[in-house]
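Next come the chains, spelled out residue by residue.
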Amino acid sequence: MNKSIAASLVFCSTSLQFGADARASLITFDDSYAPSRFAQGAPLSERYAALGVHFQGSGVVLDSYSNFEGVPGGDTYGTANFLAFNGDVGLFPPETVSFDSAINYFKWDFAGTSGNASLTAYLGNILVGSTSTTATFGVWNEMALSATAFDKVVFSVSNTDRHFVLDNLTYSSGAMAVPLPASAWLFASAALGLFGAARRKRA
């Protein structure tokens with residue numbers, strides 16, 4: 001076995017072990033002014049279109065001075081704004097978040113007084129994953145989804161109070177690190193051993 005083959009084996013082993021870094025992005029909704037009242041705001045829609053992220057639904061970005069019973073204040077969570085809903089004025093899910101390019105991870109934080117919230121992920125019109133959580137009074141609940149690829153996430157609720165919020169949307173794309181199988185490590189080790197033995201014989 002020559003040096004180039006051995007070097008290739010080492011490179012392949014390392015590549016499979018570490019993979020490409022996932023590219024993570026964060027939307028905190030804190031990048032611009034937000035009002036304290038729903039009547040002063042408007043649904044998100046295309047605010048983050050430049051990032052390849054699109055919102056379809058009635059959620060409105062409000063600031064931390066909004067009065068939401070059971071929702072931790074923005075000042076205690078290190079954030080100024082959040083995506084808010086109010087069923088009393090018809091601003092209720094579903095809220096759909098779609099992406100120009102497929103992602104493999106999605107997370108945000110949900111808070112409300114009571115009820116259940118769910119996320120479903122789709123690639124085109126194919127369901128690829130789902131998760132759900134129950135609102136805990138005064139507590140942020142993390143909702144996260146991961147799959148090989150998806151380009152749309154739908155947020156919905158059931159049996160909830162009329163007021164709740166979402167914050168800190170995180171998403172990522174790109175290859176994730178994949179551990180190399182033990183058998184492949186054995187093969188690479190054996191090949192390198194043979195290469196070393198051949199060098200000793202030539203010496």
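Each chain carries its own residue numbering, running from 1 in the written order of its sequence. It should be noted that, the model being predicted, local features are given only for residues of pLDDT at least 70 and side-chain atom pairs only at 80 or more, the latter also being counted only at that level, while totals for whole chains, interfaces and linings use all residues. The side-chain numbers reported here are obtained from all heavy atoms of the structure, hydrogens and water having been left aside.

*Asks:* Can you explain the overall build of the chain? Please cite residues and give values.
*Replies:* Across its full length, the chain holds three helices and nine strands. Burial status follows relative accessibility: with a 1.4 Å probe on protein chains alone, a residue under 20% of its type maximum counts as buried, one over 50% as exposed, and anything between as partly exposed. A total of 203 residues make up the chain; the buried ones form 41% of that total. Whether two residues are in contact is decided by their heavy atoms, any of which lying within 4.5 Å being enough. For the chain, restricting intrachain contacts to residue pairs at least 6 apart in sequence, the fraction spanning at least 24 positions comes to 76%. Here the chain has roughly 10,900 Å² of accessible surface; of this, 56% comes from carbon and sulfur atoms. Each helix is a run of H or I in the DSSP string that is no shorter than four residues. Each strand is a run of E no shorter than two, and both are numbered from the N terminus. In short, Shrake-Rupley with a 1.4 Å probe defines the accessible areas, and a residue's cover is counted only from the protein chains shown.

*Asks:* Can you break down the packing of aromatic side chains residue by residue, with the values?
*Replies:* Classification of ring pairs uses Phe, Tyr and Trp, with its six-membered ring standing for Trp, and accepts pairs whose centres are within 6.5 Å; under 30 degrees between planes counts as stacked, over 60 as edge-to-face, and the remaining range as tilted. As enumerated under the stated definition, the model contains 13 aromatic pairs in all. Judged by centre distance (5.6 Å) and plane angle (85 degrees), the ring pair of Trp108 and Phe155 falls under edge-to-face. Residue Trp108 is located in strand 5 (residues 95-112), and its partner Phe155 is located in strand 8 (residues 141-158); the two are separated by 47 residues in the primary sequence. Ring pairing ties together the aromatic residues Phe85, Phe92, Phe99, Phe106, Trp108, Phe110, Phe155, Phe164 and Tyr171, which thus form one cluster.

*Asks:* Explain the confidence of the model for the chain to me, using residue names and the numbers behind them.
*Replies:* Of the residues in the chain, 67% reach a pLDDT of 70 or more, and the chain-wide mean stands at 77. The predictor rates its confidence in each residue with pLDDT, a number between 0 and 100. Per-element confidence in the chain ranges from a low mean pLDDT of 41 for helix 1 (residues 3-18) to a high of 97 for strand 2 (residues 53-56). Segment residues 176-180 is flagged for pLDDT under 50; beyond a separation of four residues in sequence, or across chains, it makes 16 contacts in the model. In this model, residues 184-188 is a region of pLDDT below 50 whose contacts with residues beyond four sequence positions or in other chains number five contacts.

*Asks:* Would you mind going over the nonpolar core in detail, with residue names and values included?
*Replies:* Judged by nonpolar contacts, the single largest core of 31 residues is most densely connected at Phe55, Phe106, Trp108 and Phe155. Looking at this core, the elements with two or more residues in it are strand 2, strand 4 (81-86), strand 5, strand 6 (116-123), strand 8 and strand 9 (163-173). Per-element accounting of this core gives the leading share, seven residues, to strand 8. Look past the residues within four positions of Trp108 in its chain and what remains in contact with it is Val97, Leu119, Asn141, Glu142, Met143, Phe155, Leu166, Asp167, Asn168 and Leu169. Here the nonpolar core consists of buried residues drawn from Ala, Val, Leu, Ile, Met, Phe, Trp, Tyr and Cys, with membership extended through side-chain atoms lying within 4.5 Å. Ranked by size, the runner-up nonpolar core spans nine residues in total, among them Val60, Ala84, Ala111 and Trp140.

*Asks:* Before we move on, could you go through the pairing of strand 8 and cite the residues and values that matter?
*Replies:* Where strand 5 meets strand 8, 11 bridges bridge the pair, whose relative direction is antiparallel. Across the sheet, the residue bridging to Thr96 is Val154, located in strand 8. We treat two strands as partners when DSSP finds at least two bridges between them. As paired elements, strand 6 and strand 8 share seven bridges and run antiparallel to each other. The residue of strand 8 that forms the bridge with Leu119 is Phe155.

*Asks:* Before we move on, can you summarise the pairing of strand 6 with the specific residues and values?
*Replies:* Pairing geometry for strand 6 and strand 7 (residues 126-134), over eight bridges, is antiparallel. Paired with Ser118 across the two strands is Ser132, which belongs to strand 7. Counted between consecutive antiparallel strands, the loop separating strand 6 from strand 7 contains two residues, among which Gly124 sits at a positive phi close to 65 degrees.

*Asks:* Tell me about the environment of Asp109, and name the residues and values.
*Replies:* Tracing the sequence through the fold places Asp109 in strand 5. Taking relative accessible area as the criterion, Asp109 reaches 5% and is therefore assigned buried. As a C-alpha pair, Asp109 and Ala144 span 35 residues in sequence and 8.6 Å in three-dimensional space. Within polar-contact distance, the side chain of Asp109 engages the side chain of Asn168 at 3.5 Å. As used in this structure description, the phrase polar contact means that two N or O atoms lie within 3.5 Å; if the pair is within protein, one of them must be able to donate a hydrogen and the other to accept it, and residues adjacent in sequence are counted only when both atoms belong to side chains.

*Asks:* Residue-level account of unusual backbone geometry, with values.
*Replies:* Generally, phi is negative for residues other than glycine and the peptide bonds are trans, each holding for most cases. In this structure, Pro94 follows Pro93 across a cis peptide bond, with omega equal to 15 degrees. By the element assignment, Pro94 lies in the loop between strand 4 and strand 5.

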